[in-house]
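Summary of the model geometry
Below, each chain spelled out in residue letters.
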Amino acid sequence: QVQLVETGGGLVQAGASLRLSCAASGNIFSLYTMGWYRQAPGKQRELVATITRGADTNYAYSVKGRFTISRDNAKNTLYLQMNSLKPEDTAVYYCQAYGTYGREYWGQGTQVTVSS
């Protein structure tokens, strides 16, 4: 069993920056690709960024050049650095991870609100 806990969300103005963290605990060995997803009010959950254990990354077009996903495998922590935030980035952000045998884990989410 793996638990993922996101922190770092908050209320900021457009143009500001936030750094989200996702701490993994429990049976955390052999976690593979991890990612950040978000769900805005009235919208479906969407992929924001993914990162493999080898640090290969992929980003949604809407956040390319503004967001950076990274991971510290020694600390079992996933990060999302968000710069130049826009009101349309407002959403609940979820941490996600794949483990062995196709297992999938999700955090509880952290709210990011960007005002204009």
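Worth saying up front: this structure is predicted, and the values here are computed from it rather than measured.

1. Brief notes about the pattern of salt bridges
Per the counting criterion, the structure on display carries 3 salt bridges. Between Asp 89 and Arg 38 there is a salt bridge, with its nearest N and O atoms 3.0 Å apart. Pair noted here: Asp 89 is in the loop between strand E8 (77–82) and strand E9 (91–98) and Arg 38 is in strand E4 (residues 34–39), with a separation of 51 residues, a long-range link. Arg 38 matches Asp 89 in its accessibility class, with the two residues each being buried. Taken together, the shared-partner salt bridges connect Arg 38, Glu 46, Arg 66 and Asp 89 into one network.

2. Comments concerning the sheet that holds strand E1 (residues 2–7)
Here 4 strands make up an open sheet; going across it, the order is E1-E3-E8-E7 and the pairing antiparallel. In this open sheet, the two edge strands, each paired with only one partner strand, are E1 and strand E7 (67–72). Across the sheet, the mean angle from the axis of one strand to that of its neighbour is 15°, orientation sign disregarded. Pairing between E1 and strand E3 (residues 18–26): 6 bridges, direction antiparallel. Opposite Val 5, over in E3, you have Ala 23 as the bridge partner.

Calculation criteria
- Residues numbered from 1 in each chain as written.
- Predicted model: local features only at pLDDT ≥ 70, side-chain atom pairs only at ≥ 80, totals over all residues.
- Heavy atoms only, no water.
- Salt bridge = Lys/Arg side-chain N within 4 Å of Asp/Glu carboxyl O.
- Helix = DSSP H or I, 4+ residues; strand = E, 2+ residues; numbered from the N terminus.
- Buried < 20%, exposed > 50% of the residue type's maximum accessible area, 1.4 Å probe, protein only.
- Pairing = 2+ DSSP bridges.
- Axes fitted to C-alpha atoms, helices over the stretch in contact; angles between N-to-C directions.

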